[in-house]
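Structural features, examined
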Amino acid sequence: MSSITTTETTTSQDAANEYSVAFVTTPNEESAKTLARSVVEGKLAACVSVLPGLVSFYTWEDKLNESSECLLMIKTRTALVNSLIQFVVEKHEYDVPEVITLPITTGNPAYLDWIGKCVPNPGLPVKSKQNDTSKE
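Heads up: these notes are all about the structure in this document. (Residues numbered from 1 in each chain as written. Predicted model: local features only at pLDDT ≥ 70, side-chain atom pairs only at ≥ 80, totals over all residues. Heavy atoms only, no water.)

1. What about the overall build of the chain?
Put simply, the rule reads: Per the convention used, a helix needs a DSSP run of H or I reaching at least four residues, while a strand needs a run of E reaching at least two, with both numbered from the N terminus. In this description, contact between two residues means that some pair of their heavy atoms is separated by no more than 4.5 Å. Methods summary: accessible areas were calculated by the Shrake-Rupley approach with a probe of 1.4 Å, and residue burial reflects only the protein chains presented.
Of the regular secondary structure elements, the chain holds four helices and four strands. For the chain, the N- to C-terminal ordering of α and β elements is α-β-α-β-β-α-β-α. Across the chain, every contact between residues at least 6 apart in sequence was considered, and the portion connecting residues at least 24 apart equals 75%. Accessible area for the chain stands at about 9500 Å²; split by element, carbon and sulfur atoms hold 52% of it.

2. Notes on the side chain of Thr76
Defined as follows: In this scheme, a residue with accessible area under 20% of its type's maximum is buried, one over 50% is exposed, and one in between is partly exposed, where area comes from a 1.4 Å probe on protein chains only. Any pair of nitrogen or oxygen atoms within 3.5 Å is treated as a polar contact; in protein, a donor-acceptor pairing is required on top of that, and neighbouring residues in sequence qualify only through side-chain atoms on both sides.
Looking at where Thr76 falls in the secondary structure, it is placed in strand E3 (residues 63-77). Classification of Thr76 as buried rests on a relative accessible area of 0%. A polar atom in the side chain of Thr76 sits 2.5 Å from the backbone oxygen of Leu44. Once residues within four sequence positions are removed from consideration, Thr76 is found in contact with Glu18, Tyr19, Ser20, Leu44, Ala45, Val81, Leu84, Ile115 and Val119.

3. Digging into a nonpolar patch on the surface
Under the convention used in this document: A residue counts toward a patch only above 30% relative accessible area and without a salt bridge, and it is joined to like-charged neighbours within 9 Å or, for Val, Leu, Ile, Met, Phe, Trp and Tyr, to nonpolar neighbours within 5 Å. For this analysis, a salt bridge means a side-chain nitrogen from Lys or Arg found within 4 Å of a carboxyl oxygen belonging to Asp or Glu.
A cluster of nonpolar side chains, namely Val55, Phe57 and Leu64, defines an oily patch on the protein surface of about 350 Å² accessible area. Relative to the elements of secondary structure, Phe57 occurs in strand E2 (residues 47-60).

4. Quick word on the packing of aromatic side chains
Convention followed: Two aromatic rings from Phe, Tyr or Trp, using only the six-membered ring of Trp, form a pair when their centres are within 6.5 Å; if the ring planes differ by under 30 degrees the pair is stacked, by over 60 it is edge-to-face, and anything between is tilted.
A complete count under the given rule lists one aromatic pair for this structure. Relative to Trp114, the ring of Tyr111 has its centre 5.3 Å away and its plane inclined at 40°; by these criteria the two rings are tilted. Taken together, the positions of Tyr111 and Trp114, both in helix H4 (residues 109-118) and three residues apart, correspond to about one turn of that helix. What makes Trp114 partly exposed here is its relative accessible area of 34%.

5. Concerning the environment of Val81
In this fold, Val81 is placed in helix H3 (residues 81-91). In the structure, Val81 is positioned 21 residues away from Leu102 in sequence and 9.9 Å away in space, judged by C-alpha atoms. In contact with Val81, other than residues within four places in its own chain, are Ser20, Thr76 and Thr101.

6. Things to note about the pairing of strand E1 (residues 19-26)
Going by this rule: Think of it this way: DSSP has to see at least two bridges between two strands before they count as a pair.
Counting buried residues along E1, eight of its eight residues qualify, which places the element largely inside the surrounding structure. Burial of E1 is two-sided: the residues Tyr19, Val21, Phe23 and Thr25 facing one way and the residues Ser20, Ala22, Val24 and Thr26 facing the other way are all buried. Sheet topology places E1 next to strand E4 (residues 99-103); five bridges connect them, and they run antiparallel. Bridge assignment links Val24 to a residue of E4, and that residue is Val99.

7. What to know about unusual backbone geometry
Phi is positive for Lys43, close to 60°, though the residue is something other than glycine. Looking at where Lys43 falls in the secondary structure, it is placed in the loop between helix H2 (29-41) and E2. Within the chain, Asp62 stands out as a residue other than glycine whose phi angle is a positive 60°. Looking at the element boundaries, Asp62 is found in the loop between E2 and E3.

Dropping the structure here:
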């Protein structure tokens, strides 16, 4: 009989309150990379995965459409979702960009901690390197 090793994960309640994943489609890989880079540089997400080769079927202006797109999978803090949506809407080339989010209910604790370290919590003051005297 084989044994199964499990690793401890964060509880659903902890992760759901802290972290979310957002999905955004773009018309091509170039625009996906540009948006992904600006989201991470702006500290709105720890990581954005660009998934090219998507084909979307949708109704727009009463017509059925089929388009090649890229999907961005954006890992962020739940507290920043509204800021992320606003940022994408302002920067995106679509009139009505897709931005949908889901809570991350469980995950690798080390990965979730990493998201938290990369993305500032808007409820906490940001430590400035200039003002940090703890190393003196």
